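So the chains spell out like this:
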Amino acid sequence: MYAASREALAQTRSALSAALGSVPAAAAFAQTGADLFSVVETLDVQRNLRSALSDSSTSGTARQGLAEQVFSGKVSDAALSAVKAAVAEDWSTTSDLLNSLVRLGRESLLKAAADQGQLDTVEDELFRLGRIVAGNSSLEQALSDRSVPAKGKRELLAKLLYGKVTAVTEALAVQAVGRLKKSAPADAFDELSTLAAEQRDAVVAKVRSASALTAEQADRLAATLTRTYGKQVTVHVEVDPELLSGMVVRVGDEVIDGSAAGRLAALRKSFK
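Throughout what follows, the structure given in this document is the object of discussion. Source: prediction; values computed, not measured.

1. Notes on the packing of helix H6 (residues 94–115) against helix H10 (residues 167–178)
It is the contact of H6 with H10, at a shortest axis distance of 9 Å, that shows an interaxial angle of 165 degrees. Taken together, the axis directions place H6 and H10 in an arrangement best described as roughly antiparallel. Taken as a pair, H6 and H10 cross one another with a handedness that is left-handed. Of the residues in H10, those touching H6 at Val-102, Arg-106, Leu-109, Leu-110 and Ala-113 are Val-168, Ala-171, Leu-172, Gln-175 and Ala-176. Its residues assigned to classes, the contact of H6 with H10 shows eight nonpolar, one polar and one charged.

What follows is the structure in structure tokens.
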């Protein structure tokens, strides 16, 4: 995202925050998130409207008037304020506009989870969902099949998740799977899990371990990484027997390979 779009996102986020007020209820956050997703879904399928709302050759005031005309009475006041603020800005690309509305919708739902004391749960559920999908080729194929309409994929995932995860996790996952572009479903869920961690100013450590870690081992690893990086670190563990022993830890772009497979690979490389 270029500087113009980053600034536009910041302005839109500020407008949304002002519209929600200083101490809004969790229900207001959740409704706003759902409404922003609804707006994006409409813009995804209505090309002419999407183009008109992002046309920099017309004034921001005119674009706001069009947004008011189309969405007033169909979404909450806070969501409408965010949409009007967004379309008044100049974005580097139309996709930046839509993706930013998605981002604000996600942030709103995660704030609802935080207000209900469920943010940790949502983060963990999204991570586990990513691992489940990555380990089930049939499900992954069904959710990423471009020949299947977005509505069908949303309905499939909603049916699988209903009653098994929090409402926020379901809303985030279902929306994401309906807008998959190049990323795999599991990657999209991992991205959401990371965003949830960021909402509480935490860093995610993705750990592949040759064997399952006990709760004590996971806590000890999290404490060590927290000291190392100087901020709270959440540990997400995936068992990978192919590592033979040890583990591989990824924090952002940094990889710490303490596995037997990694050491063997390094040894083979040194012989070449």
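Now that the structure is up, let's keep going.
2. Points about the pairing of strand E1 (residues 203–209)
The element E1 is extensively covered by neighbouring structure, given that five of its seven residues are classed as buried. The pairing of E1 with strand E2 (residues 233–239) spans seven bridges and is parallel. Looking across to E2, one finds that Ser-209 is bridged to Val-239. With helix H12 (residues 215–229) bridging E1 and the parallel E2, this β-α-β connection has right-handed handedness. For E1 and strand E3 (residues 247–251), the ladder comprises five bridges, and the chain directions are antiparallel.

3. Focus: the nonpolar core
Among the nonpolar cores identified, the biggest contains 55 residues, and Leu-36, Leu-43, Phe-71, Leu-101, Leu-157 and Leu-172 are the most heavily contacted of them. In terms of residues, this core owes the most to one element, H6, which gives nine residues. Sequence-distant contacts of Leu-172, that is, excluding residues within four places in its chain, are made with Phe-37, Arg-106, Leu-109, Leu-110, Val-122, Leu-126 and Leu-192. Within the second largest apolar cluster, 10 residues are counted, among which are Val-207, Leu-221, Ala-222 and Leu-225.

4. Looking at the pattern of salt bridges
Oppositely charged side chains may form a pair once their charged atoms are brought near each other. Scanning the entire structure with this criterion turns up 16 salt bridges. Residues Glu-107 and Arg-103 are paired through a salt bridge, measuring 2.8 Å at the closest nitrogen-oxygen approach. Of this pair, Glu-107 and Arg-103 both sit in helix H6, four residues apart, roughly one helical turn. With a closest N to O distance of 2.6 Å, Asp-190 and Arg-131 form a salt bridge. One end of the pair, Asp-190, is in helix H11 (residues 185–199); the other, Arg-131, is in helix H7 (residues 119–134), and 59 residues separate them in sequence. Overall, the relative accessible area of 9% leaves Asp-190 in the buried class. Linked by salt bridges that have partners in common, Arg-13, Arg-103, Glu-107 and Glu-198 make up one network.

5. Section: H10
Between the first and last C-alpha of H10 there are 17 Å, a value that for 12 residues agrees with the 16 Å anticipated at 1.5 Å per step. The buried fraction of H10 amounts to 10 of the 12 residues, a majority that puts the element mostly inside the structure. Lining the buried residues of H10 we find helix H2 (26–45), H6, H7, helix H8 (137–144), helix H9 (150–161) and H11.

Parameters at a glance
Residues numbered from 1 in each chain as written. Predicted model: local features only at pLDDT ≥ 70, side-chain atom pairs only at ≥ 80, totals over all residues. Heavy atoms only, no water. Axes fitted to C-alpha atoms, helices over the stretch in contact; angles between N-to-C directions. Helix = DSSP H or I, 4+ residues; strand = E, 2+ residues; numbered from the N terminus. Parallel < 35°, antiparallel > 145°, perpendicular 65-115°, else oblique. Left-handed = near helix turned anticlockwise from the far one by under 90°. Contact = heavy atoms within 4.5 Å. Nonpolar A, V, L, I, M, F, W, Y, C, P; charged D, E, K, R; others polar. Buried < 20%, exposed > 50% of the residue type's maximum accessible area, 1.4 Å probe, protein only. Pairing = 2+ DSSP bridges. Right-handed = clockwise from strand over helix to strand, strands pointing away. Core = buried A, V, L, I, M, F, W, Y, C linked by side-chain atoms within 4.5 Å. Salt bridge = Lys/Arg side-chain N within 4 Å of Asp/Glu carboxyl O. Expected span 1.5 Å × (residues − 1).

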